[in-house]
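Chains, contacts and geometry: an overview
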Amino acid sequence: MTHISVKVDGTTYEDDVEPRLLLTHYLRDRLGLTGTPIGCDTSNCGACTVELDGTAVKSCTVLAVQADGCEVTTIQGLAHDGEWTALQRAFHERHALQCGYCTPGMIMAARDLLREHPHPTPDEVRHGLEGNLCRCTGYQNIVRAVLDVSEEEEVTA
């Protein structure tokens, strides 16, 4: 067992974990943060995307011990006092989801994209989200939702 200290969605957790425990399983099974889905466990789908020290990562490719001393933000840590972020609202308003399975990862990846490119073109959005798969929407409304947020004066995804 390895001792870790990790801040998740603003709360610090101290735990002893198996060195091979994936971050996605730590978040879901240990902390009960089931908003981060397990999609493929092979990093192909991006459904498990979270932020690790402000950068989007697929949590099925990160060991929990690698998050020691880091800050993790999950989809559940975005809304404050019941208020969705602009990106969450845009996904809802643009119907950028159907089954919802990919949505947490899409939103987390889109946040990362907008930090790097606050005003992307449609092609840049598609390229920026190409590591996240959706089987339901055809992506068009996802792209529109991201572009809606990028058109706001100050991007606060």
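A quick note: this is a predicted structure, and the numbers were derived from the prediction, not measured.

**Focus on the sheet that holds strand β5 (residues 71-73)**
Strand order in the open sheet formed by five strands is β2-β1-β5-β3-β4, and the pairing between neighbours is mixed. The open sheet has two edge strands with one neighbour each: β2 (11-17) and β4 (55-58). Sheet twist, expressed as the mean angle between neighbouring strand axes with direction ignored, is 40°. As paired strands, strand β1 (residues 2-8) and β5 are joined by two bridges and run parallel to one another.

**Some words on the domain arrangement of the protein**
Annotation of the protein at the domain level lists domain 1 (2-73) and domain 2 (86-151). Each partner contributes to the interface: domain 1 provides 16 residues, whereas domain 2 provides 11 residues. Note on domain 1 versus domain 2: buried area summed over both sides is about 1000 Å², and carbon and sulfur give 49% of it. Three residues stand out in domain 1 for area buried against domain 2, namely Cys 45, Thr 49 and Glu 51, and they jointly supply 37% of the buried area on that side. Summed over the shared surface of domain 1 and domain 2, the result is two salt bridges. Notably, a salt bridge pairs Arg 115 with Glu 51, separated by 3.2 Å at the nearest N-O pair. For the pair domain 1 and domain 2, the interface holds nine residue pairs in polar contact (both at pLDDT 80 or more). Sorting the residues of the side of domain 1 that touches domain 2 by element identifies β3 (49-52) and β4 as the ones contributing at least two each. Residue composition of the side of domain 1 that touches domain 2, grouped by class: six nonpolar, eight polar and two charged.

**Some thoughts on helix α1 (residues 23-30)**
Turn by turn, an α-helix covers 3.6 residues, leaving residues three or four places apart pointing in a common direction. All buried positions along α1 are accounted for by Leu 23, Thr 24, His 25, Tyr 26 and Leu 27. Looking at the buried residues of α1, the elements they touch are β1, β2, β3 and β5. Following α1 by one or two positions, Gly 32 adopts a phi angle in the positive range, close to 75°.

Reading the values: the criteria
- Residues numbered from 1 in each chain as written.
- Predicted model: local features only at pLDDT ≥ 70, side-chain atom pairs only at ≥ 80, totals over all residues.
- Heavy atoms only, no water.
- Pairing = 2+ DSSP bridges.
- Helix = DSSP H or I, 4+ residues; strand = E, 2+ residues; numbered from the N terminus.
- Axes fitted to C-alpha atoms, helices over the stretch in contact; angles between N-to-C directions.
- Domains from an automatic or database assignment.
- Contact = heavy atoms within 4.5 Å.
- Buried area = accessible area lost by both parts, 1.4 Å probe.
- Salt bridge = Lys/Arg side-chain N within 4 Å of Asp/Glu carboxyl O.
- Polar contact = N/O pair within 3.5 Å; in protein donor to acceptor, adjacent residues only side chain to side chain.
- Nonpolar A, V, L, I, M, F, W, Y, C, P; charged D, E, K, R; others polar.
- Buried < 20%, exposed > 50% of the residue type's maximum accessible area, 1.4 Å probe, protein only.

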